Amino acid sequence: MIKIKALNKIYNVGQKNEFVALRNINFEVLPNTVVVLKGVSGSGKSTLLSIIGGMNKPTSGEVIVEDKYIAKLPDLHLSNFRASSIGFVFQSFHLINDLSVFDNISIPLIPLGLSAKEIEEKVNYAMQICNIAHKSMEISKNLSGGEKQRVAIARALVNNPNIILLDEPTANLDSANSKNLVEILSNLKKLGKTIVISTHDSLFDELDFVEKIIYIKDGDISG
Amino acid sequence: MINKTFLSFLFLLVYQHRIKHISIFLISTLLITILVSVMFISTSIKHQLLSFVDSQSDFVVQKVRAGNRDDIPNEWIDDFRNIRGISHIQPRVYGEYYHLASDYKFTIVGIDLFDEYTSLQIKKVFDGIDIEKFMSEDYMIIGNGVKDFFDKNYYKEYYNFLTPQLDIQRVMIFDTMPKNSDIISNDLILMDIDLAKRILGIDKDKSTDIVLNVPNDTEWINLKVELIDKHHNIKIITKEDLQKSYTNLYNYKSGFFLIVFMILLLTFCLVLYQRYSMINSSDKKEIAIFRATGWSIKAIIVLKVFESSIVGIFSFLLGVIIAYIFVFVFDAPLLADIFLGSHNIGYDISFVPYIEFSMLFSLFMFFMIFFIASVLIPAWKIATSDIDGSLR
C-alpha cells in the first residue's frame, strides 16, 4: 500500500542553514493496518507524513502509494491522488473557521462535480462515523477542540480514501476526547482503512489495533 | 468542475469573505461611478450636439471682411441658388443680445418662417406647434435658461427688447424649447427673421449667414469651390466641421478624465495587488487546505477568479447604476459644470440618457482584466507554493 525507499528530505539545500529532516527512510505499510510514526517534536515524523500525503516533495528517494510514484506526479495527478486516495487530519485541524461543519466536510467534494444530493449523502455518512452530525450547521470556530478534531476526521473520510494520515491527533485533545478518537480510529480500521499516525503520545503504544510502531529520531528510523 | 455545488460554495465563500472584500468593493465602485459618470455626460452631450448638428443645414456661409464676419446681402442668395446640387437655401440671422443690467447674453436666431422647409423643421422639433399663430404676431420660442431669467424678472408673457435705435420691441413668449435640448438651446431665442433683424439692428436686405442644403455629400467639395468662385470673401462651415469640432471638444474633455482615471486605476491596482499579495495567514491557510484536500491548482485559480469576478462585476454594476442615477436623475452636480463650463445664463441641464454600450463594455473588460489579474497573481503564487509550508 505505502512503500518508502531511501527517502531523504533536506531543507535549504546548499545554503548555510541547510537542514536534514529525513535521512534514508525505508519502510512499508500494508493495506488495512495501523502504523504509528513515533518521535519527539522535530524528529521529522510530520514531514514524513506530509510527504506520504503528497503535500511535500522528498529531496531524493521513492514514495510509492497505491502503486503511484507520488514524488514524480504533476500537480493535476497529485491533486487527484490526494482527492481519491488520501485523507489527512492535521494537528491543528485546519478547518475554515467561518464555514459550517457541513461546508467544511464538503470541501474535498466540491471540485469533483458531484450533485448537491451526492455531496449531502457523503457528508452525512462521514459525520455519522465521526459522531458530529448533530453539529452539522454549527460554525466551525464555535466548536470545541474535540469537535473540531471529529470534523477534521470527517473531512478526511468524506472522499472514502483508502489511507488516512493523522498528524499528532491527540495534541490538542483532553483525555476524554482522546478516547473518543481512539474509538473512531478503531472503527475506521474495521472499515478497511489504512491508517498512519504521527505522534509522540504514549496512548498509541498499547492499542491492540496498532500493527506497527516506527520510531523516528533526528530524521532516522531508530527502531 | 463548475456545477451548481461549485457555484453554491463560491457564493458561500464570497459571503464569508465579505469583510475582506468590502473595502476593495467600495473603492472600485467609487472609481467606476466617477468614470462612468464622465462617460455618460460626455456621450449624452455629444449625442445631443450631434443630433442638433444633424438637424442643421449642410452648409453655413458667412461673409468675411478683414477677418471678421460681416452681414451678407440677400442678393447673394440668388447668386448661390443657381449652383447645381443645392436643394434648399435661405438667409438666417444669428446674433447675441446683450442684457446690460444682468451681464447676460441671449442668442437670437431669426429664421424665415414663410419658408416651407424651415416650417417643416420647426414642426418636427415642436410637435403640434401652430406655425400660423406663431407667424401672426411678434412671437418667440425661448430656451429654458432664458425662460428662467425672464421669470425671475417678471416677464411671464413677453419681453421688451431694446433695439440699437433705442426703441422698445415687445415680443410675446410663444413656447419654450424642449428640456432635452437645453445643452444647445438654453440661451436661445427663436423668432421670425425680420423681427430678429429689427432687434439686432441688421439691414432688411441683409442677413448674418446663408444656410443651404446639398443632399449629395460627394458633391460637397465641388460645391465649396463653386461657392468660393461666386464670392471669394466667404467662410464656409459644413455640418462635418461642426461635428468634428464638437467631437474634438468633448473627446478632449473625456480624454483628460480618462488619463486621470488611468492614474487612479493604476493606484487602485497597486492597492489591490498589495491587499491580496499580503494575504494574511487565514487566506494562505484556506488555499493550502483546498490543496491538501485534493483541489488542483487549476480548481483553486478558477475559484479565486470567480470570487474576484463576482466582487468586480457587482462593483462595476453598482458603479454604473449609481453613475446613471447621478447623471440622468440628478443631472450630475459638480461634474456637469466641469464639462459644460460656466454659462452666462443659469444652467439647469437635463442630460438625456444615451449610453454607448460598446464603450461601457470596453471599460468593463479593461476593469475586469486589471481586477482579476490583481487577485489572481498572488493567489496563484500561494497555490503553487509548498502546502506544508503554508499550513505551518
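The preceding data block contains the structure.
Residues numbered from 1 in each chain as written. Chains lettered and ligands numbered in written order. Predicted model: local features only at pLDDT ≥ 70, side-chain atom pairs only at ≥ 80, totals over all residues. Heavy atoms only, no water.

Asks: I'm lost on the overall build of chain B in this one. Help?
Replies: A tally of helices and strands in chain B yields 15 helices and 12 strands. The C-alpha extent of chain B, read off along each of the three principal axes, is 95 × 50 × 40 Å. Evaluated residue by residue, chain B yields a buried proportion of 49% over its 392 residues. With the model as given, the accessible surface of chain B reaches about 19700 Å², and the carbon-plus-sulfur share is 60%. Between the averaged position of the 37 positive side-chain charges in chain B and that of its 44 negative side-chain charges there is a distance of 12 Å. (Helix = DSSP H or I, 4+ residues; strand = E, 2+ residues; numbered from the N terminus. Buried < 20%, exposed > 50% of the residue type's maximum accessible area, 1.4 Å probe, protein only. Areas by Shrake-Rupley, 256 points an atom, 1.4 Å probe, with all protein chains shown as cover. Lys, Arg positive; Asp, Glu negative; His and termini not counted. Charge placed at Lys NZ, Arg CZ, Asp CG, Glu CD.)

Asks: What is the right way to read empty space enclosed by the protein from this model?
Replies: Unfilled space is identified by rolling a water-sized probe across the atoms. If you walk through the whole model with that rule in mind, you get 4 cavities of 30 Å³ or more. Roughly 80 Å³ of volume is contained in the second largest cavity. What lines the second largest cavity is R82(A), A83(A), I86(A), G87(A), F88(A), F90(A), P108(A), R155(A), A156(A), N159(A), A292(B) and T293(B). Going through the elements one at a time, α2 (75-85), β6 (86-89) and α5 (145-157) of chain A are the ones with two or more residues in the lining of the second largest cavity. Counting residues per element, the lining of the second largest cavity draws most heavily on β6(A), which supplies 3 residues. (1 Å grid on protein atoms, 1.4 Å probe; cavity = no way out; pocket = protein on both sides within 12 Å on 5 of 7 lines; lining within 4 Å. Points joined across faces, edges and corners; volume = space filled by probe spheres on them.)

Asks: Hey, could you run me through the pattern of salt bridges in this one?
Replies: In a structure, side chains of opposite charge can pair up when their charged atoms sit close to one another. What the rule picks out here adds up to 17 salt bridges over all chains. Where K38(A) meets D205(A), a salt bridge forms, and the shortest distance between an N and an O atom there is 2.8 Å. Here D205(A) lies in the loop between β8 (194-199) and β9 (212-217) and K38(A) lies in strand β3 (residues 34-38), a separation of 167 residues in the sequence. Given a relative accessible area of 11%, K38(A) falls into the buried group. When the shortest N-O distance is used, the salt bridge between R81(B) and D78(B) registers 3.7 Å. Of this pair, R81(B) and D78(B) both sit in helix α3 (residues 75-81), separated by 3 residues, roughly a single helical turn. We classify R81(B) as partly exposed; its relative accessible area is 45%. (Salt bridge = Lys/Arg side-chain N within 4 Å of Asp/Glu carboxyl O.)

Asks: Would you mind showing me how to read the layout of surface pockets here?
Replies: One number sums up the size of the largest pocket: a volume of about 1500 Å³. Lining the largest pocket are 45 residues, and of these F52(B), S55(B), Q56(B), I184(B) and L188(B) lie nearest its centre. A total of 6 residues in the lining of the largest pocket trace back to one element, the largest contributor, which is helix α4 (residues 116-125) of chain B. When we break the lining of the largest pocket down by domain, the ones giving at least three residues each are domain 1 (4-51 + 245-391) and domain 2 (59-213) of chain B. Looking at the second largest pocket, its volume works out to about 430 Å³. Elements with a minimum of two residues in the lining of the second largest pocket: β2 (19-29) and α1 (45-52) of chain A together with α15 (387-391) of chain B. Residue composition of the lining of the second largest pocket, by class: 6 nonpolar, 11 polar and 5 charged. (Domains from an automatic or database assignment. Nonpolar A, V, L, I, M, F, W, Y, C, P; charged D, E, K, R; others polar.)

Asks: Explain the interface of chain A and chain B to me, please; I cannot follow it from the model alone.
Replies: When the parts of a complex come together, some accessible area is lost, and that lost area is often taken as the interface size. Facing 28 residues of chain A, the contacting portion of chain B comprises 24 residues. The junction of chain A with chain B conceals about 2300 Å² of combined surface from both sides, 62% of it contributed by carbon and sulfur atoms. Among the residues chain A hides against chain B, the three largest losses belong to H94(A), I110(A) and P111(A). Together they make up 24% of the total. For the pair chain A and chain B, the number of links is 7 residue pairs in polar contact (both at pLDDT 80 or more). The element best represented in the side of chain A that touches chain B is α2(A), accounting for 5 residues. When its residues are assigned to classes, the side of chain A that touches chain B shows 15 nonpolar, 8 polar and 5 charged. (Contact = heavy atoms within 4.5 Å. Buried area = accessible area lost by both parts, 1.4 Å probe. Polar contact = N/O pair within 3.5 Å; in protein donor to acceptor, adjacent residues only side chain to side chain.)

Asks: Hey, could you run me through a nonpolar patch on the surface in this one?
Replies: Residue and element names in this part refer to chain B. A contiguous nonpolar surface patch, about 1000 Å² in accessible area, is contributed by I2, L7, F11, I313, F314, L317, I321, Y324, I325, V329 and F330. Looking at the nonpolar patch, the elements that each hand over two or more residues are α1 (4-16) and α12 (297-329). Residue contributions to the nonpolar patch peak at 7 residues, all from α12. (Patch = residues over 30% accessible without salt bridge, like charges linked within 9 Å, V, L, I, M, F, W, Y side chains within 5 Å.)

Asks: Looking at this structure, I do not really get the nonpolar core. What am I missing?
Replies: With 131 residues, the main nonpolar core has I105(A), W295(B) and F351(B) as its most contacted residues. Once you skip the residues sitting within four places of it in the chain, I105(A) turns out to touch V123(A), A126(A), M127(A), I132(A), V151(A), A154(A), R155(A) and V158(A). One finds F106(B), F150(B), L195(B) and A196(B) within the second-largest nonpolar core, a separate group that totals 20 residues. (Core = buried A, V, L, I, M, F, W, Y, C linked by side-chain atoms within 4.5 Å.)

Asks: Explanation requested: the packing of aromatic side chains in the structure shown.
Replies: When we look at a pair of aromatic rings, we describe it by the centre distance and by the angle of the planes. Residues and elements named next belong to chain B. Scanning all chains against the criterion turns up 28 aromatic pairs over all chains. Seen from their ring centres, F150 and Y155 are 6.3 Å apart, and the 65° between their planes marks the pair as edge-to-face. When the ring of F150 is compared with that of Y159, the centres are 4.5 Å apart and the planes differ by 10°; the resulting orientation is stacked. Each of the two residues, F150 as well as Y159, counts as buried. Here the aromatic residues Y97, Y104, F106, F149, F150, Y155, Y158, Y159 and F161 are joined through ring pairs into a cluster of three or more. Against the face of Y15 rests R18, its NZ or CZ located 4.1 Å from the ring centre. Here R170 stacks its cationic end above the ring of Y158, 3.7 Å away from the centre of that ring. (Phe/Tyr/Trp six-rings, centres within 6.5 Å; stacked < 30°, edge-to-face > 60°. Lys NZ or Arg CZ within 6 Å of the ring centre and 35° of its normal.)

Asks: I'm lost on the sheet that holds β6(A) in this one. Help?
Replies: Either a parallel or an antiparallel arrangement is found when strands of a sheet pair, and the pairing is made through backbone hydrogen bonds. Residue and element names in this part refer to chain A. Taken in spatial order, the 6 strands line up as β6-β7-β8-β3-β9-β10 in an open sheet, and their pairing is mixed. For this open sheet the edge positions go to β6 and β10 (220-221), each flanked by a neighbour on one side alone. Where α5 meets the sheet, its contacts fall on β6 and β7 (163-167), and the angle it forms with β6 comes to roughly 165°. (Pairing = 2+ DSSP bridges. Axes fitted to C-alpha atoms, helices over the stretch in contact; angles between N-to-C directions.)

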